[in-house]
Amino acid sequence: MSESVTLACVHHDPDGLLRPQAERVVTALQRIFPMIVVRTTNETPDSAIEPLLAASVTIHRAPSCGHLKLGRARREALRLGIETGAHHVLFCDFDRALHWVEYHPAELASIAGLILAYDFTVLGRTRRAFDSHPRAQCATEAIVNHVFAQVSGQEWDVTAAARGVSRRAAAAILDGCPDETIGTDVSWTLFLQRTGRFAIGAIETEGLEYETADRFPEAVAAAGGIDAWKTRIDADPREWALRLEIARLEVEAAGAYAHMVQ
C-alpha cells in the first residue's frame, strides 16, 4: 500500500456492466490505495456502484460529459484526488483500473510507488499492450502519439489516459490548463512541459492493455473469442468515425503547443 497516493478515476457505466468485476477486485484496489475517489456519471445506476459504496470508496456524481468533453470529468476527478490530501494522485479511467488490478496487480502496486519520483508521470503501454486494442484504436492513437512526439520531443504513449500527478502539478493543471476536451491526453503533459517547472517522466505498462472486453464476456464468447470480437468492432465504420474524431481533438489540442517543436 502506498500511503501517499490516491487513486482518482472517472467512471461511466449506464448499463452496470462493470459491477461483477468491481465486486471481485475493489478490495484488491484498496490494498494498494488507501484512498479511492471515483467521479461517476448520473447515468450510472446505483446498483453499479453498490460494491464501491460498500467498500467506502468516495463517490462523486455529476452529469455525463460524453466522450469528446471528457476533459471536464477528468479535471473534476483530479481535483477530488488532491482534496484527499494525498501527495500524489494516480489518475486512471475506472474500467482500466479494474482490469489492471485484476490481471496485473503487482505491476499496479509497483507503479503506485514509482510515480512518486516525478511530478507528472505518463503511464503508457508496452508494444504488446498497445497492440492488444482493436485496429481502429491502434491506428488513430498512433497518429496522436506521433504528433505528440513532434511537439514534445518525447516518444511516449499518451493515449491510455493514465497519469501519476503530484499535488503541485495537479494544482497547476487545474489553475492553468482549462482544456475540457478529450485532448487532455496531450494538453496536460504539454502544458506542464512548457512551464519548465516540473519533473516529467513516462513508464510503459502491461496493465493498460485492452480492457473494454471485460464488460462483454458473453458477447466475446459468442463471437468466438477476443480476436473475432475485435474484428467485428473494426468492421463498423462508426467505430472508426468516433476514433478519428477523438484523434482530431487530441491533435488539435497539441497544436496549441506547436511552438515547442525541437
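The structure this text deals with has already been given above.
Below is a short write-up of the structure.

Scoring rules and cut-offs
Residues numbered from 1 in each chain as written. Predicted model: local features only at pLDDT ≥ 70, side-chain atom pairs only at ≥ 80, totals over all residues. Heavy atoms only, no water. Axes fitted to C-alpha atoms, helices over the stretch in contact; angles between N-to-C directions. Helix = DSSP H or I, 4+ residues; strand = E, 2+ residues; numbered from the N terminus. Parallel < 35°, antiparallel > 145°, perpendicular 65-115°, else oblique. Contact = heavy atoms within 4.5 Å. Phe/Tyr/Trp six-rings, centres within 6.5 Å; stacked < 30°, edge-to-face > 60°. Buried < 20%, exposed > 50% of the residue type's maximum accessible area, 1.4 Å probe, protein only. Core = buried A, V, L, I, M, F, W, Y, C linked by side-chain atoms within 4.5 Å. Pairing = 2+ DSSP bridges. Arc of directions from axis to C-beta. Polar contact = N/O pair within 3.5 Å; in protein donor to acceptor, adjacent residues only side chain to side chain. Salt bridge = Lys/Arg side-chain N within 4 Å of Asp/Glu carboxyl O.

1. Some words on the packing of helix 1 (residues 19–32) against helix 4 (residues 94–103)
Right, on to step 1. Closest axis-to-axis distance for the helix 1/helix 4 pair is 9 Å, and the angle between their directions is 80°. Here helix 4 runs roughly perpendicular to helix 1, going by the angle between their axes. Facing helix 1, whose interface residues are Gln-21, Ala-22, Arg-24, Val-25, Ala-28, Leu-29 and Ile-32, helix 4 presents Phe-94, Ala-97, Leu-98, His-99, Val-101, Glu-102 and Tyr-103.

2. Notes on the packing of aromatic side chains
Right, on to step 1. Within the structure shown, the criterion is met by four aromatic pairs.
Right, on to step 2. Relative to Trp-229, the ring of Tyr-210 has its centre 6.4 Å away and its plane inclined at 40°; by these criteria the two rings are tilted. Separated by 19 residues along the polypeptide, Tyr-210 in the loop between strand 7 (200–205) and helix 10 (217–223) and Trp-229 in helix 11 (residues 226–234) bring together distant segments of the chain. Trp-229 shares its class with Tyr-210; the two are buried.
Right, on to step 3. Three or more aromatic residues joined by ring pairs form one cluster here, namely Tyr-210, Phe-216 and Trp-229.

3. Comments concerning the nonpolar core
It is characteristic of soluble globular proteins that their nonpolar side chains tend to be buried jointly.
Right, on to step 1. Counting residues in hydrophobic clusters, the biggest one holds 39 residues, and the most contacted among them are Leu-78, Ile-173, Val-186 and Leu-192.
Right, on to step 2. Those elements that place two or more of their residues in this core are strand 1 (5–11), helix 3 (70–82), strand 4 (88–93), strand 5 (120–125), helix 7 (135–152), helix 8 (167–176), helix 9 (184–195) and helix 12 (237–255).
Right, on to step 3. The biggest single contributor to this core is helix 3, with six residues.
Right, on to step 4. Here Leu-78 is in contact with Val-89, Val-165, Ala-170, Ile-173, Leu-174 and Trp-188, once residues within four sequence places are set aside.
Right, on to step 5. If you look at the next biggest cluster of nonpolar residues, it comprises 33 residues, including Leu-7, Phe-33, Leu-90 and Ile-115.

4. Description of the sheet that holds strand 2 (residues 35–41)
Right, on to step 1. Overall, mixed pairing links the seven strands, which are arranged 3-2-1-4-6-5-7 in an open sheet. Looking at the sheet topology across the chains shown, the edges are occupied by strand 3 (58–62) and strand 7. Between one strand axis and the next, the sheet turns through 20° on average, direction left out of account.
Right, on to step 2. Bridge count between strand 1 and strand 2: six bridges; the pairing is parallel. Opposite Val-10, over in strand 2, you have Arg-39 as the bridge partner.
Right, on to step 3. Taken strand by strand, helix 5 (residues 105–114) contacts strand 1, strand 4, strand 5 and strand 7, and its axis lies near 175° from that of strand 7.

5. Some remarks on helix 11
One turn of the α-helix equals 3.6 residues, which is why residues spaced by three or four share an orientation.
Right, on to step 1. Along helix 11, the residues classified as buried are Trp-229, Lys-230 and Ile-233. Here the buried residues of helix 11 occupy an arc of 95° about the axis, which is enough to place them on one side. The outward face of helix 11, more than 90 degrees from its buried face, is lined by the exposed residues Asp-227, Thr-231 and Arg-232.

6. A word on the side chain of Thr-140
Right, on to step 1. Inspection of the secondary structure assignment puts Thr-140 in helix 7.
Right, on to step 2. A distance of 3.3 Å separates a polar side-chain atom of Thr-140 from the backbone oxygen of Gln-137.
Right, on to step 3. Other than its neighbours up to four places away in sequence, Thr-140 contacts Arg-243, Leu-244 and Ala-247.

7. What about the pattern of salt bridges?
Right, on to step 1. Evaluation of the coordinates by the stated rule reveals 21 salt bridges.
Right, on to step 2. In this structure, the salt-bridge partner of Arg-215 is Asp-13, at a minimum N-O distance of 3.7 Å. Placement of Arg-215 in the loop between strand 7 and helix 10 and of Asp-13 in the loop between strand 1 and helix 1 is noted, with a sequence separation of 202 residues between them.
Right, on to step 3. Judged by relative accessible area, which is 1%, Asp-13 ranks as buried.

8. Comments concerning helix 2 (residues 46–54)
Right, on to step 1. Looking only at helix 2, the buried set comprises Ala-48, Ile-49, Pro-51 and Leu-52. When helix 2 is viewed along its axis, its buried side chains cluster within an angular range of 130° and face the same direction. Opposite the buried face of helix 2, by more than 90 degrees, sit the exposed residues Asp-46 and Ala-54.
Right, on to step 2. Turning to helix 2, the residues buried within the fold contact strand 1, helix 1, strand 2, strand 3 and helix 4.
Right, on to step 3. Of the residues trailing helix 2, Ser-56 is marked for its positive phi of about 65°.

Treat this as a map of the structure, not an account of what it does.
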